[in-house]
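Results of the structural survey
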Amino acid sequence: MKIAFFDSGMGGLSVLHHAMRVLPQEEFLFYADEDHVPYGTKSREAVQQYVAEAFDFMISKGVKAIVVACNTATSVAVPVMRERYDLPIIGMEPAAKKALDLDGGHRVLVCATPITVSGRKMELLIERVDKDHLVDRLALPALVPFAERQEFDSPDVRAYLAEQFAPYDFRQYSALVLGCTHFNYFKPAMRAFMPDSMHFVDGNDGTVRELIRQLEARNLREANEQTVEYYYSGRRVADEAELARIGRFMQQLDRVYGL
Ligand code: DGL
């Protein structure tokens, strides 16, 4: 049985990319809701509806677990999906706790989509982990369409980041938390604005660890030849040009993770 990875678009590939390395004997299904990306600037109700449709599709494929490789969808829709379906559903939230645990003395900047940074889930997370008021939040919605266009380090991307980062003195920060899976592609472009003492923190390894924990708890690990099926909003991706597009995202992730 397959493990599904779901995102509004191609950001979730960064989590799949990691899972493919640590789970070499599992079969994967990747669902990008390309018809509706971006989610982060839409209404919560609209996103809940899109996620419900995507779940119906993935469940119809008989998957054994679903990783919601999207902080935005997790923030607004995962609790309802967990009530509806009895299979492991692993969500993502910005790794603010991990960043504070690594260095509790400096500030931490959480970058995510507008829905995620202003959502109730984020408020609860901050209340729980940010006792010393060290966490700042920044929405970077324009990075999602840039990522979808595979524009990872263009002059426009750099100008956007320069403008958005201008109010922050990064010497006071220990970490930049990537609270949107689409943002992983921009690590090289962001790095240019950050002092060496500042690190990236993302939730990809923690999410895959949680997936493994839940698979093992239910005895769902398998030893198959690794395969991946890609879907754009329920349509199987078989076209050469589209598969080549996915290949270019994977190449950027190889670069980003230094392989
Ligand atoms: N990749 C998504 C996330 O992690 C959301 C991007 C979007 O559709 O706005 O939040």
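See the structure shown above.
Quick summary incoming for the structure in this document. These figures come from a predicted structure and were not determined experimentally.

Quick word on the sheet that holds strand E7 (residues 173-178)
The strands making up a sheet associate through backbone hydrogen bonding, with each pair oriented either parallel or antiparallel. Strand order in the open sheet formed by four strands is E6-E5-E7-E8, with parallel pairing between adjacent strands. Two strands lie at the open edges of the sheet, namely strand E6 (135-139) and strand E8 (199-202), each paired on one side alone. Ignoring strand direction, the axes of neighbouring strands in this sheet form an average angle of 25 degrees. Sheet topology note: the E7/E8 ladder contains four bridges and is parallel. Bridge pairing in E8 links Leu178 to Asp202.

Observations regarding the site of the ligand
Around the ligand, 14 residues are found, and the nearest of them are Ser8, Tyr39, Gly40, Thr72 and His182. A distance of 3.0 Å is found between a nitrogen atom of the ligand and a side-chain nitrogen or oxygen belonging to Asp7. In this structure, an oxygen atom belonging to the ligand sits 2.6 Å away from a main-chain N or O atom of Tyr39. Here the ligand loses 99% of its free accessible area of 300 Å² to cover by the protein chains.

Here we look at the side chain of Asp7
Along the chain, Asp7 falls in strand E1 (residues 2-7). Although Asp7 lies buried, it forms no salt bridge, and the closest oppositely charged side chain, Arg245, sits 9.9 Å away as judged by the N-O distance. Side-chain polar atoms of Asp7 contact the side chain of Ser8, separated by 3.5 Å.

Cut-offs applied
- Residues numbered from 1 in each chain as written.
- Predicted model: local features only at pLDDT ≥ 70, side-chain atom pairs only at ≥ 80, totals over all residues.
- Heavy atoms only, no water.
- Pairing = 2+ DSSP bridges.
- Helix = DSSP H or I, 4+ residues; strand = E, 2+ residues; numbered from the N terminus.
- Axes fitted to C-alpha atoms, helices over the stretch in contact; angles between N-to-C directions.
- Near = heavy atom within 4 Å.
- Polar contact = N/O pair within 3.5 Å; in protein donor to acceptor, adjacent residues only side chain to side chain.
- Areas by Shrake-Rupley, 256 points an atom, 1.4 Å probe, with all protein chains shown as cover.
- Buried < 20%, exposed > 50% of the residue type's maximum accessible area, 1.4 Å probe, protein only.
- Lys, Arg positive; Asp, Glu negative; His and termini not counted.
- Salt bridge = Lys/Arg side-chain N within 4 Å of Asp/Glu carboxyl O.

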